[in-house]
Amino acid sequence: MTSTPPRVSDVRVRRLTTTLYGYAFLEDFILLYPVYALLFSDTGLTVWQISSLFALWSVTGVLLEVPSGAWADAVSRRLLLRLGPLLTAAGFALWVLVPSYGAFALGFVLWGAGGALGSGALEALVYDELERLDAADRYARVMGRARAAGLVAVMAAMGLAGPVLAWGGHRAVGAASVLVCLLTAAVAARFPEHRSPAAGHESWTATLRAGLAEARADRSVRGALLLVPAVSAVWGALDEYTPLLVRGTGVADGTVPCLLLLIWAGATAGSLLAGEGERLGTAGLAALLAGAGLALAVGALYGTPAGLVLVALAFGGFQAATVLADARLQRSIEDGGRATLTSVAGLGTELATIAVFGGYALIASGNAHSTAFAVFAVPYLATAVLLLVGVGAGAAKARP
């Protein structure tokens, strides 16, 4: 009895996905993530100075998000995926070699630029390569697993950062982070890329105009562009406040990291199940968002560690919905402007996230963190209703 050799396309898909999972893991396996605020504080920065650095980071991402996506469509997407980690590595090296406010600021600019280069380029490259191999239907499953790999990397970095910091201080943590960034750039070189740069476009600005023209001309593209930030922005911002929500349940500070891992585990499970979620359709996606929104509100208001199980389920639902919204966007875009329009969706997410930060500050300044979490479940219920209205309108048009 002889075994059937794997098809060439299956081998190529396996090479693509293996490279993607390795890239996604290394990109988030940064030991500086959990402790860089400590580095800033130990250097003598005030809270206002640290806050200004975070603002500079956000502004850099907002300004470069769309131009970098257009550039990815005009040149090689693989090239940008290699350049991004190198810029981030340079920023981290500045932080530990010459720790000062100016070095931290420049490091955040480099980090923001590096992140912007990969945003849009990665999704576009993966979708186009899968489509070339007649495997575009696997996109949600593949990207869900990639997001899960990134979440596992974050948890691993959280676990290793403390021992490495105790052993070698901030320089050891920074050196490990720089090394991981260099490894990420090396892995990016293994990505296959069979597309040619955008033909007939003299610059990235022309590519940008072409991509935006596609969004204006196609209603389905516009809807998919709006769905991405509607799904991903709120829970992405709330994630920054989960330690405060957990501490509000009355547990000791030493227990907070363990319960945070529960929430991260929920998000990871959502990533892994995202591929199965493609069978849901629009109505199923609406039900997923509504259920996750209700779980978030009830779990947060419950006010006990047991309620955090519902919060973890909610984050799992939101993570799965984020992957599904991205898959819907990729299916609606023509190849030429894929990275451009993905970056436009990323820009919308960044701006919406900033708005959520402001709204959260207003609500939580006079109320408990659990109340703020419950309030921000409402946008998901509203999005679910709008999706169902769209389904009803489409069904009405289909009737003779």
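Residues numbered from 1 in each chain as written. Predicted model: local features only at pLDDT ≥ 70, side-chain atom pairs only at ≥ 80, totals over all residues. Heavy atoms only, no water.

(A) Representation of unusual backbone geometry. Positioned with a positive phi, Asp-134 is a non-glycine residue whose angle comes to about 55°. Relative to the helices and strands, Asp-134 is located in the loop between helix H6 (121-132) and helix H7 (139-188). (Helix = DSSP H or I, 4+ residues; strand = E, 2+ residues; numbered from the N terminus.)

(B) Geometry of the environment of Ala-314. Along the polypeptide, Ala-314 turns up in helix H14 (residues 307-332). On the accessibility criterion, Ala-314 (0% relative accessible area) is buried. Discounting chain neighbours no more than four positions away, the residues touching Ala-314 are Ala-292, Ala-295 and Leu-296. (Buried < 20%, exposed > 50% of the residue type's maximum accessible area, 1.4 Å probe, protein only. Contact = heavy atoms within 4.5 Å.)

(C) Expanded view of the pattern of salt bridges. Under the counting rule described, the total for this entry stands at seven salt bridges. For the salt bridge of Arg-338 with Glu-131, the shortest nitrogen-to-oxygen distance reads 4.0 Å. Of the two residues, Arg-338 is situated in helix H15 (residues 338-364) and Glu-131 in helix H6; the sequence distance between them amounts to 207 residues. Since its relative accessible area comes to 1%, Arg-338 is described here as buried. Residue Glu-276 pairs with Arg-279 through a salt bridge whose shortest N-O separation is 3.2 Å. Under the relative-accessibility criterion, Glu-276 is labelled partly exposed at 38%. (Salt bridge = Lys/Arg side-chain N within 4 Å of Asp/Glu carboxyl O.)

(D) Focus on the packing of aromatic side chains. All told, the structure shown has 26 aromatic pairs when counted by the stated rule. Ring centres of Tyr-33 and Trp-111 lie 5.5 Å apart, and the angle between their planes is 10°; on these two criteria the pair is classed as stacked. Of this pair, Tyr-33 sits in the loop between helix H1 (8-28) and helix H2 (36-43) while Trp-111 sits in helix H5 (residues 101-118), and the two are 78 residues apart along the sequence. Its relative accessible area of 25% is what places Tyr-33 among the partly exposed residues. Among the aromatic residues, those joined into a cluster by ring pairs are Tyr-33, Tyr-36, Phe-40, Trp-57, Phe-92, Trp-95, Phe-104, Phe-108 and Trp-111. (Phe/Tyr/Trp six-rings, centres within 6.5 Å; stacked < 30°, edge-to-face > 60°.)

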